[in-house]
Amino acid sequence: MVVAGALNKQIAAALGISEVTVKAHRGRVMRKMGARTLPELVKMAELLPRGESVG
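This is a predicted model, so every value here is computed, not measured.

About the cut-offs
Residues numbered from 1 in each chain as written. Predicted model: local features only at pLDDT ≥ 70, side-chain atom pairs only at ≥ 80, totals over all residues. Heavy atoms only, no water. Axes fitted to C-alpha atoms, helices over the stretch in contact; angles between N-to-C directions. Helix = DSSP H or I, 4+ residues; strand = E, 2+ residues; numbered from the N terminus. Parallel < 35°, antiparallel > 145°, perpendicular 65-115°, else oblique. Left-handed = near helix turned anticlockwise from the far one by under 90°. Contact = heavy atoms within 4.5 Å. Nonpolar A, V, L, I, M, F, W, Y, C, P; charged D, E, K, R; others polar. Expected span 1.5 Å × (residues − 1). Buried < 20%, exposed > 50% of the residue type's maximum accessible area, 1.4 Å probe, protein only. Arc of directions from axis to C-beta.

Caption draft 1: Up close: the packing of helix 2 (residues 19-33) against helix 3 (residues 38-47). For the pair helix 2 and helix 3, the least separation of the axes is 10 Å and the interaxial angle reads 70°. For the element pair helix 2 / helix 3, the angle class is roughly perpendicular. Between helix 2 and helix 3 lies a crossing of left-handed hand. Contact residues: helix 2 offers Arg26, Val29, Met30 and Met33, while helix 3 offers Leu38, Leu41 and Met44. Residue composition of the contact of helix 2 with helix 3, grouped by class: 6 nonpolar, no polar and 1 charged.

Below is the structure:
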């Protein structure tokens, strides 16, 4: 969803969670992937094969 350009509010609504939870999960993924910025995370995610998990 982040790769598609969805806003935190849109992601939260689609998943039935709060925006704070979206930010927390994105932060954890960024740390795990070693991304310092959201655009860097998006570039990394675009390189992953579809359906591949981060961890």
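Caption draft 2: Just helix 2, in detail. With 15 residues, helix 2 extends 21 Å between its outermost C-alpha atoms, agreeing within 8% with the 21 Å of an ideal straight helix rising 1.5 Å per residue. Of all the positions in helix 2, only Val22, Gly27 and Met30 are classed as buried. Down the axis of helix 2, the smallest arc covering the buried residues is 135°, so these residues share one side. With respect to the buried face of helix 2, the exposed residues turned more than 90 degrees away are Arg31 and Lys32. Elements that come into contact with the buried residues of helix 2 comprise helix 1 (8-15) and helix 3. Phi for Gly34, located one or two positions after helix 2, is positive at around 80°.

Function cannot be read off these values alone, since they describe shape.
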